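Here is what each chain is made of, one letter per residue.
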Amino acid sequence: MEFRGIGLSDADIARRFDAMAAPHLDAAYNLARWLTRNPHDADDVVQEAYLRAFRFFGGFRGGGGRAWLLTIVRNTFYTWAEQRQRHKSDVEFDEAGAGLEMVEAGANEALHGANPEQLLLRAADQQLVEAALLKLPAEYREILVLRELEELSYKEIAAIVGVPLGTVMSRLSRARLQLRQQIEAMDQP
Amino acid sequence: MNTMNCEEALQLLPVYGDGELELPRALELERHVESCAACAAALRSQRALSRAVRSAPYHRAPDALRARLRAQLPLPAETPTAAAPSLTRARQRPRRDWSRWAMPIAASLALAVGLNFMLATQRSQDSLREELIAGHVRSLQVAHLSDVISTDQHTVKPWFNGKLDYAPPVRDLAQQDFPLLGGRLDYIAHRQVAALIYGSRKHTINLYIWPAKDGELAPNSQGSEGYNLVHWRHDGMEYWAVSDLNVQELRHFAELQIAAGADKTANVPNS
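Residues numbered from 1 in each chain as written. Chains lettered and ligands numbered in written order. Predicted model: local features only at pLDDT ≥ 70, side-chain atom pairs only at ≥ 80, totals over all residues.

## Looking at the overall build of chain A
For the record, the criterion: Comment: elements are numbered from the N terminus, with helices defined as DSSP H or I runs of at least four residues and strands as E runs of at least two. Any residue surrounded by 20 or more other C-beta atoms within 10 Å of its C-beta is treated as buried, while 12 or fewer makes it exposed and the intermediate range makes it partly exposed; C-beta atoms here are placed from the backbone. A pair of residues counts as a contact when their C-beta atoms, built from backbone coordinates, are within 7 Å of each other.
Tallying secondary structure elements over chain A gives eleven helices and zero strands in all. Counted from the first residue to the last, chain A has its helices and strands arranged as α-α-α-α-α-α-α-α-α-α-α. The burial tally for chain A puts 38% of its 189 residues in the buried class. Considering only residue pairs separated by 6 or more positions, chain A has 71% of its internal contacts joining residues 24 or more positions apart.

## Structural notes on helix α9 (residues 138-149) of chain A
Residue and element names in this part refer to chain A. To be explicit about the condition: Here a helix's expected span is defined as the number of its residues, less one, multiplied by 1.5 Å.
Here α9 is twelve residues long and its end C-alpha atoms lie 15 Å apart, about the 16 Å a rise of 1.5 Å per residue gives. Judged by how many residues are buried, α9 sits mostly within the fold: eleven of twelve residues are covered. Along α9, the residues that are buried comprise A138, E139, Y140, R141, E142, I143, L144, V145, L146, R147 and E148. Within two residues after α9, E151 carries a phi angle of roughly 55°, on the positive side.

## Some words on the pairing of strand β7 (residues 237-243) of chain B
Residue and element names in this part refer to chain B. Heads up, the condition is: Strands are treated as partners if at least two bridges between them are detected by DSSP.
Burial of β7 is extensive: five of the seven residues sit out of reach of the surface. Both strand β4 (residues 203-211) and β7 contribute to a ladder of seven bridges, which runs antiparallel. Looking at the pairing, Y208 lines up with W240 of β7. Where strand β6 (residues 227-234) meets β7, seven bridges bridge the pair, whose relative direction is antiparallel. Bridging from a neighbouring strand, W232 pairs with Y239 of β7. Between β6 and β7, which pair antiparallel one after the other, the connecting turn spans two residues, and D235 there sits at a positive phi close to 55°.

## Things to note about the interface of chain A and chain B
How big an interface is tends to be expressed through the accessible area that disappears when the partners come together. What counts here: Ten residues, namely Ala, Val, Leu, Ile, Met, Phe, Trp, Tyr, Cys and Pro, are considered nonpolar, four, namely Asp, Glu, Lys and Arg, are considered charged, and the remaining ones, Gly among them, are considered polar.
At the interface, 43 residues of chain A touch 37 residues of chain B. At the level of secondary structure, the elements contributing two or more residues to the side of chain A that touches chain B comprise α1 (10-21), α2 (25-36), α3 (39-55), α7 (116-123), α8 (126-135), α9 and α11 (165-186) of chain A. In terms of residue class, the side of chain A that touches chain B is made up of 24 nonpolar, seven polar and twelve charged.

## Let's talk about the confidence of the model for chain A
It should be kept in mind that the predicted coordinates are not to be read in detail where pLDDT is low. All names here are of chain A. Applied cut-off: A residue's pLDDT is the predictor's confidence in that residue, given on a scale from 0 to 100.
Chain-level pLDDT for chain A is 79 on average; 72% of the residues reach the 70-or-more range. Here residues 1-6 scores under 50 on pLDDT; set against residues more than four positions off or in separate chains, the count is one contact. Throughout residues 96-114 the model reports pLDDT below 50, and contacts reaching past four residues in sequence, or to other chains, amount to 22 contacts.

## Points about α8(A)
Let me state the cut-off plainly: As used here, the arc is the angular range of directions from the helix axis to the C-beta atoms.
Considered for burial, the residues of α8(A) that qualify are A:V129, A:A132 and A:L133. The buried side chains of α8(A) occupy one side of the element, clustering within an arc of 100° when seen end-on.

Set out below in structure tokens:
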């Protein structure tokens, strides 16, 4: 065992993977936690995703480690959700249909939201925002998490979600509108 | 310039709020928002929603999960032999490796700051490249290639006088099959810069020039979105050549520019 010969040993590869992946574990877990909506499943998804990532590590060419890992976390979640046949409504997401009527009905009013200061007050109520986010379809939830919590660019989000830039923009708009309406609906006394 | 109407402004507001709107449009939008109470309210409302989402919990990975993930990697276990070299032992001691996963808060904060800085630098390079390509593409699309159309460097060079606070070197490379086509002012990285337009067979090259902050830099090429960019620094100037020309020829163009800098007969003296 003293001489391993030329090339990288398994341990070397593991160390490299460790160095690349460790700093992004929080981001991976945060995304998984928002997608699965509970800590136990988030653990499972992240664990499975990291095993996959390690297996595919040979194909990783450096660069955006975070985006690469988040792509794998996301794919793992959707595969996992499909297999479990749980979260059915999350998996069967209809881009065009989701909340579109609400979008059209409330677009102008919501965009010109007459009372931003009021919403500001509500923003202080973390629990309300969290509950409203958790009620959104997974595709809306993930895009808001990637944009607002991870502060990723449209380009990075497009790469992770696997859709064109235009879809990132339109999906973000719909997600925001639906979230706003959700918060307002839940805030009714 | 046409002023932006509310319909356009409302469409662009989210992109603006996300910091993804290109500068000229962002400036137009800001002008509109300044004079339109409804759109200003929409922007405030949008920002409030963004803050609301950011107030939602960020779930950090539990330490137990970090430990479990590490345990699954084929990292070497602690060596039982006391005779092993101390360096190896230190590297392989699990507790030490542990510390990387169960990082103390201070260290991870420092790392986060460092990473953010790296990302910010990376992003600003990316966005500069995007701006340069956007400028190149725009110049071809809107038939606004040149403000001064001339194949004569002695016409192009003085045209920049008084329009910029520096004098871009204008070189004629017609002999080397890169004829000068004209010059233009462009707005890159928050400043007015000189753009020289050269032809090469059917291709167009935009050469952006502005004063450099530091040192010399040999030409290095970078591809992006189907365009090639070659970047170099020479004689106190920053140069970016953008074209759909293949990368070898674009580099050759860069070498010719540098060589022409040394050859005084190819230069137009500052007037």
